[in-house]
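The residues making up each chain are set out below.
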Amino acid sequence: MKAIVTSGLGPRAPLVIGDVARPRPGRNDLLVAVQASSVNPKDWKLNRNIAAVVPRLGGALRTHLFGDDLSGIVVDKGRAVTGFKVGDAVYGMDMRLRTNACAEFAVIDQRRVAHKPANLSHEQAAAVPLAAQTALQAFRKAGVGSGTRLLIIGASGGVGTFAIQIGKALGAEVTGVCSHRNLELVRQLGADAVIDYTAEDYLRRDDDFDVVFDATSHESPDTCASLLKPDGIFVTTGGYLHAYLNVARRKLLRRGVQAKLVIVESWTHDLETLTQWIEAGRITPVIDSLYPMENLDAAYQHSKSGRARGKIVVQVGSDTPTRGT
């Protein structure tokens, strides 16, 4: 099958389309003909570096582990799979370095996927799993619910655009932080208020938010302390090492605002919750751009720029997959 692989060694080794063996599903797995994937910062921060130093066994200087999110069609399944059948349209992801979604076929555990929302294309559905579940699981950790005063840093990005909508679905009062060019987008997604970080230093505000969610993982409990109530909660994604260190330091100090770190996992029940909101029209993926699989390097560069509004999607397959063998 065709898949994105590295060609050569090193973190800048070109990404090319190569031929790799089609995977076989284990007893709890689905074999999915991938229609679309999407780009997450994890892909170029972690997966590419791992690919650079772990050549595939057998001597070939090619490694295939690109793409976490997928949307596609089930073409085979393991004997212990229940709730899915061949021909089903599904979406999901696996953070254990095994989705390999930038390929014609991918194997994924049945616990990590759900039926695709009926009102989304495969390209739209591929934008959902990692980013939307990150926000959902962060808000669960922070206890976001009806009446919560919630501040979202990075509100116009891949995670942030979902976070606004999920926050509203949970009943929160949402304020988004973004640049001037994205103010209208953030308002349209449902934010009750918007802060333009290009016009003011919002970190100097004296406010009383219940929860600050840093979808960029650049801030810390200390830099956001003035934004929170004395017993407020700061929750961040694990995009950079300093995010882990900042949360660990706050927990050791045991004073001031609470700090939490969300390490996203994909679970069928969370995807089904998102599906309900999506099909009810309460959540809509924001697609920044579409790239064909062979232009994955360009998609990575766009993601690295930090200028994407919503999600960058990778088009992989056609709608007429062949059954796995």
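Residues numbered from 1 in each chain as written. Predicted model: local features only at pLDDT ≥ 70, side-chain atom pairs only at ≥ 80, totals over all residues. Heavy atoms only, no water.

A closer look at the packing of aromatic side chains
If you walk through the whole model with that rule in mind, you get one aromatic pair. Ring centres 5.4 Å apart and planes at 80 degrees place the aromatic pair Phe139 and Phe213 in the edge-to-face group. Here Phe139, found in helix 3 (residues 129-142), pairs with Phe213, found in strand 11 (residues 209-214); they are 74 residues apart in sequence, far enough to count as distant. Of the two residues, Phe139 and Phe213, neither departs from the other in class, the shared state being buried. The ring of Trp267 has Arg112 sitting right over it, with the charged end atom 4.3 Å from the ring centre. (Phe/Tyr/Trp six-rings, centres within 6.5 Å; stacked < 30°, edge-to-face > 60°. Helix = DSSP H or I, 4+ residues; strand = E, 2+ residues; numbered from the N terminus. Buried < 20%, exposed > 50% of the residue type's maximum accessible area, 1.4 Å probe, protein only. Lys NZ or Arg CZ within 6 Å of the ring centre and 35° of its normal.)

Re the pairing of strand 4 (residues 70-77)
For strand 4, the tally of buried residues reaches seven of eight residues, placing the bulk of the element in the interior. Pairing of strand 3 (residues 29-39) with strand 4, which is carried by six bridges, proceeds in the antiparallel orientation. Its bridge partner lying in strand 4, Ala36 is registered against Ser71. (Pairing = 2+ DSSP bridges.)

Let's talk about helix 3
Spanning 14 residues, helix 3 covers 20 Å between terminal C-alpha atoms, matching the ideal 20 Å at 1.5 Å per step. Within helix 3, twelve of the 14 residues are buried, which leaves it mostly tucked inside the rest of the structure. Looking one or two residues beyond helix 3, the residue adopting positive phi is Gly143, at roughly 70 degrees. (Expected span 1.5 Å × (residues − 1).)

What to know about helix 4 (residues 158-169)
Helix length check: helix 4, at twelve residues, gives a terminal C-alpha distance of 17 Å against a target of 16 Å (1.5 Å per residue), a fit within 8%. Most of helix 4 is tucked away: eleven of the twelve residues are buried. Where helix 4 is concerned, the buried positions are Gly158, Val159, Gly160, Thr161, Phe162, Ala163, Ile164, Gln165, Ile166, Gly167 and Ala169. Once helix 4 ends, the next one or two residues include Gly171, with phi positive near 95 degrees.

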